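Here is what each chain is made of, one letter per residue.
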Amino acid sequence: MAKQNVNHPVYDEQAFNNLVRENHQRIYGLFRRMVGSHAEADDLTQETFIKVYKNLPKFRQESSIQTWIYRIAINQGLNYLRRMKIRQTLGLEFADSAVESDEFKSNQSNRDLLRKAIAKLPPRQQMVVILRSFQELSFKDIAAVLNITENAAKVNFSHAVKNLREVFLKMGVTYENL
Amino acid sequence: MKICKQIENLLPLYYTGDLDESDKRLVENHLEDCPTCRQFSHEIQYLLNDLQPDPVNIDPNYGAELVVKIQNRLHNEWRPRKLRSYLVPVLASILIFIIIGFNLVRNPSGSSQWLSNDNIIDFYMDLTHSGYFSEMPDDAFDFLNLNENDLITNETRHKISTVVLATNNNLLIDDYVESIAYLTDQDFELVLKEIENSIF
């Protein structure tokens, strides 16, 4: 990712606004693929840039500013996924598999079903799947933004795909439906 | 069979093109001989076909709207930088006293932990409710081979905190303070000294 010259966006409103304009599509795209709805993705995008603004004085330029922003977004995303996971664990999110299966048969698109299945994975696996399959990042880049080894990123992805298959089976969806 | 398990792990990476030549050959040779893994590989292939990027349509005006929303929020929430540079250490100190004080109230002996939950989910929920919501330490879980429903002991809690601190090189200050909230008093003070040295 190319380096971007942002001297003092904290003091320079225009420079910070440019940072938002130049990076918002990538960040919003990540969240939209993660959460599905515009409202939630918008909220997470705003939170990310506010965090960026507040922490810009501490940005040490060890990576490009885009990578740094992306990293903040991913931490934001992981925290969101973990909150959702807890809600899910406590039974506050998603109907049981039988209902989902019926929905699938009636009017759910494969994409919605896939999103629900992904949401059942552990947060780290969710993020790796989204970054690799939807954001098309290499495992090397995924490792860098998640601060894990490349091998750990691959192992997470592999487990995620296998777990997705299991989730589909539990939802009563066989691979022929996909 | 052990080899089947290994192939199952390699198959997703085979279809995304992320295997080296020797692993690729291993998968291909095995699939020729093993009908069970062939069936599994078809399922994985179908699944991965669906895991493709779908275009996200972004309203062309969204960028401009976002800038306005963020600026509005910043103007409402954000204190002037000059004031904040003094406030950060002051507020952090107050927070530290509150944390230690609260810990002592909960555990007058001073020897036990900040939070006293039984399992990781409870522990995490308590963090959330206490306002010390921090990133769920997946790395720590991987490292310690824990899962969400495992019982959490003082030892694992301490290890998790240590791993979180060791693996998060780019911790932001808020996260940093949050992530040490559940250390023992003694370790908490040690880490605070590190923070003072590295940040303030």
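Now for a quick tour of the structure. (Residues numbered from 1 in each chain as written. Chains lettered and ligands numbered in written order. Predicted model: local features only at pLDDT ≥ 70, side-chain atom pairs only at ≥ 80, totals over all residues. Heavy atoms only, no water.)

### Quick word on the pattern of salt bridges
Put simply, the rule reads: Salt bridges are identified by distance alone: a Lys or Arg side-chain nitrogen within 4 Å of an Asp or Glu carboxyl oxygen. Strands are runs of DSSP state E lasting at least 2 residues, helices are runs of H or I lasting at least 4, and numbering of each runs from the N terminus. Only protein chains enter the accessibility calculation, which uses a 1.4 Å probe; a residue is then buried when its area is under 20% of its type maximum, exposed when over 50%, and partly exposed in between.
What the rule picks out here adds up to 8 salt bridges over all chains. Here arginine 73 of chain B ties to glutamate 47 of chain A by a salt bridge, and the two come within 2.6 Å at their closest N and O atoms. With arginine 73 of chain B in helix α4 (residues 62-77) and glutamate 47 of chain A in helix α2 (residues 38-55), this pair bridges two chains. Residue glutamate 47 of chain A is classed as partly exposed on the basis of its relative accessible area of 29%. For aspartate 18 of chain B, the salt bridge goes to arginine 132 of chain A, with nearest N and O atoms at 3.0 Å. Here arginine 132 of chain A lies in helix α6 (residues 123-134) and aspartate 18 of chain B lies in the loop between α1 (2-15) and α2 (21-33), a pairing that spans two chains. For the pair formed by aspartate 18 of chain B and arginine 132 of chain A, the shared burial category is buried. Ionic contacts of the salt-bridge type, sharing partners, join the residues Lys162 of chain A together with Lys5 and Glu8 of chain B into one network.

### Things to note about the side chain of lysine 162 of chain A
Applied cut-off: By definition in these notes, contact holds between two residues if any of their heavy atoms fall within 4.5 Å.
Structurally, the position occupied by lysine 162 of chain A is in helix α8 (residues 150-170). Under the relative-accessibility criterion, lysine 162 of chain A is labelled buried at 14%. When neighbours within four sequence positions are excluded, lysine 162 of chain A is seen to be in contact with Glu8, Asn9 and Phe40 of chain B.

### Focus: unusual backbone geometry
Residues and elements named next belong to chain A. Even without being a glycine, glutamate 136 presents a positive backbone phi close to 55°. Its location among the elements puts glutamate 136 in the loop between α6 and α7 (139-146). Phi at asparagine 147 is positive, roughly 60°, even though this residue is not glycine. Along the chain, asparagine 147 falls in the loop between α7 and α8.

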